Amino acid sequence: MTAAQLDSKTKRFAYSAIVIYSTIIGLSFLFGKLALTVATPLDSLAHRFTVSLIAAAIPVLFGWVKLQIKPRDMLAILPLAVLYPSMFFAFQAFGLQFTSSAEAGIIHATVPIFTMAAAAYFLKERTTRLQQLSTLLSVAGVIFIFVMKGTTIDLGNMKGTLLILLSALALAGYSVLARKLTSRMKVSTMTYVMTVIGFLVFNLMAVGQHLAEGTLLLYFEPFASPVFLVSILYLGVLSSLISSLLSNYALSKLEASKVSVFNHLATLVSIVGGFVFLNEQLAYYHLIGAAVIIAGVLGTNAGAWGRRKAAHPPKALDPTMKR
């Protein structure tokens with residue numbers, strides 16, 4: 001196998017990883033809604049990362065995964081873990097108390113724009129005019145769907161808008177920093193440390209809130225609900241642990257700007273999931289927006305498709321063959 005073919009195969013794995021990641025994240029909104037019918041946002045986050053840490057610890061305890069974490073690695077990963085999951089989920093959870101999920105969806109649609117700008121400045125990633133326009137196109141597709149649903153951003157409620165915007169910036173910062181760290185650090189090590197820090201941050205916040213309210217005995221009460229148990233297993237194992245592994249792997253092989261735009265596919269998966277499982281409406285504007293988003297994602301990664309074809313050039317005709 002030539003170097004070009006090997007690189008093409010690696011890119012295929014990376015794109016597969018980010019598509020699976022987008023699917024998991026898209027369905028996480030469905031399970032997140034179910035979890036919030038039983039527990040508070042902070043308790044859901046705490047239990048989510050507790051389950052995630054248990055799942056991450058199992059292969060380590062059985063020796064299936066070897067972790068070699070040095071103190072300097074911890075210091076390098078700490079800023080990454082502060083951005084995601086800590087700041088991202090914290091700003092999102094508290095922001096949603098002051099704004100609607102639809103408004104948050106519009107604001108989060110801008111993440112690829114922030115990521116592209118940050119990647120260009122900090123990582124010196126170069127993007128073509130087609131890729132830039134395609135990123136804007138995918139953003140427009142998401143915004144179109146929400147606007148057609150009658151959603152607008154209430155500028156009078158600046159607290160919620162600002163918190164969600166900070167959440168979006170944290171996600172963009174994570175994409176850029178993870179892209180940089182994966183060049184010199186194992187994906188499994190990064191993901192494990194991120195999970196541990198998420199576990200500590202959200203459990204300390206949730207326990208502190210319960211102590212302040214005198215309701216600590218109710219901390220594990222949500223686990224008595226089958227709906228919550230299934231939801232938190234999905235959110236903890238798939239949406240937190242596995243999705244982080246997939247995202248970190250994709251960022252180790254692809255530019256941050258290209259990976260970030262795939263987040264918009266999660267919006268489409270969320271819409272389809274709501275239609276299939278919650279009997280939510282699927283209108284014509286969903287289909288139009290979906291087409292625009294997909295076109296934007298394909299355009300942003302247009303250079304990669306071209307290089308992939310170049311890595312597999314057509315076989316030359318045998319000169320001895322009869323015409």
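Caption draft 1: Here's a closer look at the overall build of the protein chain. Scanning the protein chain from terminus to terminus reveals 13 helices and zero strands. The order of α-helices and β-strands along the protein chain, N terminus first, is α-α-α-α-α-α-α-α-α-α-α-α-α. Here the protein chain displays about 16,700 Å² of accessible surface, and carbon together with sulfur accounts for 70% of that area.

Caption draft 2: Structural view of helix H11 (residues 263-277). With 15 residues, H11 ought to run about 21 Å at 1.5 Å a step, and its terminal C-alpha atoms sit 21 Å apart, in line with that. Listed in full, the buried residues belonging to H11 are Asn263, His264, Leu265, Ala266, Thr267, Leu268, Val269, Ile271, Gly273 and Gly274. Of the residues trailing H11, Asn279 is marked for its positive phi of about 55°.

Caption draft 3: Region of interest: helix H4 (residues 101-108). A large share of H4 lies buried, amounting to seven of its eight residues. Turning to H4, its buried residues number three or more, namely Ala102, Glu103, Ala104, Gly105, Ile106, Ile107 and His108.

Caption draft 4: Highlighting the packing of aromatic side chains. The tally for this structure, following the rule as stated, stands at 14 aromatic pairs. An aromatic cluster is present here, built from Phe49, Tyr84, Phe88, Phe89, Tyr174 and Phe202 joined pairwise through their rings. Lying over the aromatic face of Tyr121, Lys124 brings its terminal NZ or CZ to 5.6 Å of the ring centre.

Caption draft 5: The nonpolar core, seen in detail. Ranked by size, the top nonpolar core spans 70 residues in total, and within it Leu80, Tyr174 and Phe202 carry the most contacts. Per-element accounting of this core gives the leading share, ten residues, to helix H3 (residues 71-95).

Caption draft 6: Highlighting the packing of H4 against helix H7 (residues 158-181). Following both chains from N to C, one finds H4 and H7 inclined at 45°, their axes separated by 9 Å at the closest point. Classified by the angle between their axes, H4 and H7 sit oblique to one another. The two elements H4 and H7 meet at a crossing, and its hand is right-handed. Touching Ala104, Ile107 and His108 of H4 are Thr161, Ile164, Leu165, Ser167 and Ala168, all from H7. Residues belonging to the contact of H4 with H7 are distributed by class as follows: five nonpolar, three polar and no charged.

Caption draft 7: Structural detail: the pattern of salt bridges. The tally for this structure, following the rule as stated, stands at two salt bridges. Residue Glu255 is joined to Lys258 by a salt bridge in which the shortest nitrogen-to-oxygen separation is 3.6 Å. The class of Glu255 is partly exposed, set by a relative accessible area of 23%. You can call Lys258 buried: its relative accessible area is 4%.

Caption draft 8: Seen up close, the environment of Gly95. Tracing the backbone shows Gly95 in helix H3. Sequence separation between Gly95 and Leu165 is 70 residues, and the spatial gap between their C-alpha atoms is 8.9 Å. Excluding anything up to four places from it in sequence, Gly95 contacts Gly160, Leu163 and Ile164.

Caption draft 9: Summary view of the packing of helix H6 (residues 129-148) against H11. Two elements in contact, H6 and H11, have axes whose closest approach is 10 Å; the angle formed by their N-to-C orientations is 30°. Relative to H11, the element H6 is oriented roughly parallel. Where H6 crosses over H11, the handedness of that crossing is left-handed. Contact residues: H6 offers Ser138, Val139, Val142 and Ile145, while H11 offers His264, Thr267, Leu268 and Ile271. Grouping the constituent residues of the contact of H6 with H11 by class yields five nonpolar, three polar and no charged.

So, how was this worked out
- Residues numbered from 1 in each chain as written.
- Predicted model: local features only at pLDDT ≥ 70, side-chain atom pairs only at ≥ 80, totals over all residues.
- Heavy atoms only, no water.
- Helix = DSSP H or I, 4+ residues; strand = E, 2+ residues; numbered from the N terminus.
- Areas by Shrake-Rupley, 256 points an atom, 1.4 Å probe, with all protein chains shown as cover.
- Expected span 1.5 Å × (residues − 1).
- Buried < 20%, exposed > 50% of the residue type's maximum accessible area, 1.4 Å probe, protein only.
- Phe/Tyr/Trp six-rings, centres within 6.5 Å; stacked < 30°, edge-to-face > 60°.
- Lys NZ or Arg CZ within 6 Å of the ring centre and 35° of its normal.
- Core = buried A, V, L, I, M, F, W, Y, C linked by side-chain atoms within 4.5 Å.
- Axes fitted to C-alpha atoms, helices over the stretch in contact; angles between N-to-C directions.
- Parallel < 35°, antiparallel > 145°, perpendicular 65-115°, else oblique.
- Left-handed = near helix turned anticlockwise from the far one by under 90°.
- Contact = heavy atoms within 4.5 Å.
- Nonpolar A, V, L, I, M, F, W, Y, C, P; charged D, E, K, R; others polar.
- Salt bridge = Lys/Arg side-chain N within 4 Å of Asp/Glu carboxyl O.

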